[in-house]
Amino acid sequence: MPPLTGDGATRSIGDAGRRNMLQLVQLRWLAVGGQVSAILIAQFGLGVELPLGPMLGVASATLLLNLASIILLRNRVGTSNGSLFFALILDVASLTAQLYLSGGATNPFMWLYLLQVVLGAILLDTWSAIVIVMVTSLCFAALTFIYRPLNFPPALADHRRLIDTAGAWACFALVAMLLVLLITRITQNLRARDANLANLRQQAVEEDHIVRMGLLASGAAHELGTPLASLAVILGDWKRMPALAADPDLVAEIGEMQAEVQRCKAIVTGVLLAAGEARGEAPAITGMRRFLDGIADDWHAAHMSTVLDYRNAFPGDLPVVADPALKQVIFNVLDNAAESSPAWIAFNASQRGDALIIAVQDAGGGFSPERLERIGKPYESSKGRLGGGLGLFLVVNVMRKLGGTVSAANCANGGAVVTLTLPLAAIAAPPGRAA
């Protein structure tokens, strides 16, 4: 399997980091709300004297950090390990400041450090998680010696043990609840990232397969060019020979042979053009309706025995680039439909929003449930012949390269329909280029 590289992998990892950073932002909202509530209850409910100004200042700084994080997340695609590490370090600093102002190691909420350690172990690289453990351990140790003692009123002096026990229980319940909530969400984010990476790896394998097939097709097209040119010359000579020209049946058959040779040469040229090897030919600019009408006419001319129910409902005539790859994609879908339903197929084109919608329907036996699940996979074919199943495989991958999608479904009244959805921007002509 080829290594997964490129923008797709980077986006997948970055998006997972962004979602995890959002979880930290939500945790800070809860932390600030809990801190302010605890401060107010202790100060005004229990009568414990606290430095309200500094403690509320730390909570306000945490709020500002959250607002800054939200702004950064809106302007960036993803979040790196370094950003997550820095955010957790700031959270540790905020917690340490609040604990210093409220009793240090004697405060039962000291165990909130464990929440930071667990989050670091899940979200960060190994070295970063180790640093988080070291920093929290040092802060815990420092707070056993350096802190501002809590001043309990005389009425609560005899109940200090009960208060500490209640605080320890509240801390345990809070940490347990937050761990379950956050780890569940973070695990979902990581699973989604892993699934996306697995999909990207599969795409990399399929694209490598396509590259090898393209090289073979390009080489074959080069090799076929010379014999096809020779055949065209020979057939032209035969048609002018008196002995053959005198027989109308032979002349008609030679004409048919010349037409087939020209069709083969056009196919070879199309292969080279799609591979970017045709020289001296700039991409043609045409109108969308004319482009689709031309595809329908060319395909039907080569399949006269099949009834093509063609309906072009695309509004207007948007200038587009006549992409030979897209033309071949539509040809492949039409060919597959005709193989399943030789008597009749339907070819419908329309617009939905900013996308071109092409639906090709047949009256065949439809897709099996297994085939529907594996549409676009190589060598997945119901025809049972060697090398079958490559048509839709190429269709799916070319459409993906163009930014489009392919879907397939069975019709209620029999047959199947394959739908191509392509953003108009993918084939729209450059500004200033008219059809």
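Residues numbered from 1 in each chain as written. Predicted model: local features only at pLDDT ≥ 70, side-chain atom pairs only at ≥ 80, totals over all residues. Heavy atoms only, no water.

With respect to the overall build of the chain
The number of helices and strands found in the chain is 12 helices and 7 strands. Contacts spanning at least 24 positions in sequence make up 73% of the contacts within the chain whose residues lie at least 6 apart. Accessible surface, the chain: about 23800 Å² in total, of which carbon and sulfur atoms supply 63%. (Helix = DSSP H or I, 4+ residues; strand = E, 2+ residues; numbered from the N terminus. Contact = heavy atoms within 4.5 Å. Areas by Shrake-Rupley, 256 points an atom, 1.4 Å probe, with all protein chains shown as cover.)

Quick look at the layout of surface pockets
Here the second largest pocket defines a volume of roughly 1100 Å³. Gly-34, Gln-35, Ala-38, Asn-107 and Phe-109 are, among the 38 residues lining the second largest pocket, the residues nearest its centre. Elements represented by at least two residues in the lining of the second largest pocket include exactly α1 (7–45), α2 (52–75), α3 (81–100), α4 (113–123) and α6 (160–240). By residue number, the principal contributor to the lining of the second largest pocket is α1, which donates 11 residues. Partitioning the lining of the second largest pocket into residue classes produces 25 nonpolar, 10 polar and 3 charged. (1 Å grid on protein atoms, 1.4 Å probe; cavity = no way out; pocket = protein on both sides within 12 Å on 5 of 7 lines; lining within 4 Å. Points joined across faces, edges and corners; volume = space filled by probe spheres on them. Nonpolar A, V, L, I, M, F, W, Y, C, P; charged D, E, K, R; others polar.)

Re the packing of helix α9 (residues 288–302) against helix α10 (residues 324–340)
Remark: α9 packs on α10, axes separated minimally by 11 Å, with the N-to-C direction vectors making an angle of 45°. The orientation of α9 relative to α10 falls into the category oblique. In this structure, α9 meets α10 at a crossing whose hand is right-handed. Residues Phe-291, Leu-292, Ile-295, Asp-298 and Trp-299 of α9 form the contact with α10, whose participating residues are Leu-326, Lys-327, Ile-330, Phe-331, Leu-334, Asp-335 and Ala-338. The residue makeup of the contact of α9 with α10, split by class, is 9 nonpolar, no polar and 3 charged. (Axes fitted to C-alpha atoms, helices over the stretch in contact; angles between N-to-C directions. Parallel < 35°, antiparallel > 145°, perpendicular 65-115°, else oblique. Left-handed = near helix turned anticlockwise from the far one by under 90°.)

Regarding the packing of aromatic side chains
Tallied over the full model, the rule gives 4 aromatic pairs. For the ring pair Phe-85 and Trp-127, a centre distance of 5.4 Å and an interplane angle of 50° mean the geometry is tilted. On the criterion of sequence distance, the pair formed by Phe-85 in helix α3 and Trp-127 in helix α5 (residues 126–143) is long-range, its members being 42 residues apart. Between the aromatic rings of Tyr-113 and Phe-140, the centroid separation amounts to 6.5 Å while the plane-to-plane angle is 45°, which identifies the pairing as tilted. Separated by 27 residues along the polypeptide, Tyr-113 in helix α4 and Phe-140 in helix α5 bring together distant segments of the chain. On the basis of relative accessibility, which here comes to 4%, the residue Tyr-113 falls in the buried class. With a relative accessible area of 27%, Phe-140 lands in the partly exposed category. These aromatic residues form a ring-pair network of at least three members: Trp-111, Tyr-113 and Phe-140. (Phe/Tyr/Trp six-rings, centres within 6.5 Å; stacked < 30°, edge-to-face > 60°. Buried < 20%, exposed > 50% of the residue type's maximum accessible area, 1.4 Å probe, protein only.)

Here we look at the sheet that holds strand β6 (residues 405–410)
The 5 strands lie next to each other as β2-β4-β5-β7-β6, forming an open sheet whose pairing is mixed. Edge positions in the sheet fall to β2 (307–312) and β6, since each has one partner strand and no second. The mean angle between the axes of side-by-side strands here comes to 15°, regardless of whether they run parallel or antiparallel. By the bridge criterion, 6 bridges tie β2 to strand β4 (residues 344–352) in an arrangement that is parallel. Its bridge partner being in β4, Leu-308 is matched across the sheet by Ile-345. Packing of α9 onto the sheet brings it into contact with β2, β4 and β5 (355–362), and relative to β2 it is tilted by some 180°. (Pairing = 2+ DSSP bridges.)

Details of α5
For α5, which comprises 18 residues, the first-to-last C-alpha distance of 26 Å matches the rise-based estimate of 26 Å (1.5 Å per residue) to within 8%. Turning to α5, the residues buried within the fold contact α3 and α4. (Expected span 1.5 Å × (residues − 1).)

Let's talk about the nonpolar core
Within the largest apolar cluster, 35 residues are counted, with the highest numbers of intra-cluster contacts made by Ile-330, Phe-347 and Leu-420. At the level of elements, α9, α10, β4, β5, α12 (390–401) and β7 (416–423) are the ones that each hand at least two residues to this core. For this core, the element with the most residues is α10, which contributes 8 residues. Apart from residues no more than four positions distant in its own chain, Ile-330 is found in contact with Leu-292, Ile-295, Phe-347, Ile-358 and Leu-420. Phe-85, Ala-87, Leu-119 and Leu-179 belong to the second largest nonpolar core, which has 28 residues in total. (Core = buried A, V, L, I, M, F, W, Y, C linked by side-chain atoms within 4.5 Å.)

Things to note about the confidence of the model for the chain
Averaged over all residues, the pLDDT of the chain is 79; the fraction at 70 or higher stands at 80%. The low-confidence segment residues 1–13 (pLDDT under 50) makes 17 contacts with residues lying over four places distant or belonging to another chain. Residue range residues 384–388 is modelled with pLDDT below 50. Its contacts to residues more than four positions away, or to other chains, number 5 contacts. (pLDDT = per-residue confidence, 0-100.)

Structural notes on the packing of α3 against α4
Between α3 and α4, whose axes approach to 10 Å, the crossing angle comes to 175°. Here α4 runs roughly antiparallel to α3, going by the angle between their axes. Residues Asn-81, Leu-84, Leu-88, Asp-91, Val-92, Leu-95, Thr-96 and Leu-99 of α3 pack against Tyr-113, Gln-116, Leu-119, Gly-120 and Leu-123 of α4. Tallied by class, residues from the contact of α3 with α4 come to 8 nonpolar, 4 polar and 1 charged.

A word on the side chain of Thr-306
Examined against the element boundaries, Thr-306 turns out to sit in the loop between α9 and β2. Ignoring sequence-local partners within four residues, the contact set of Thr-306 consists of Trp-299, His-300, Ala-338, Ser-341, Pro-342, Ala-343, Trp-344 and Ile-345.

Comments concerning a nonpolar patch on the surface
Judged by side-chain polarity, Trp-29, Leu-63, Leu-64 and Leu-67 come together as a nonpolar surface patch covering roughly 370 Å² of accessible area. Examining the composition of the nonpolar patch, we find that 3 residues originate from one element, α2, more than from any other. Mapping Trp-29 onto the fold places it in helix α1. For Trp-29, a relative accessible area of 36% gives the class partly exposed. (Patch = residues over 30% accessible without salt bridge, like charges linked within 9 Å, V, L, I, M, F, W, Y side chains within 5 Å. Salt bridge = Lys/Arg side-chain N within 4 Å of Asp/Glu carboxyl O.)

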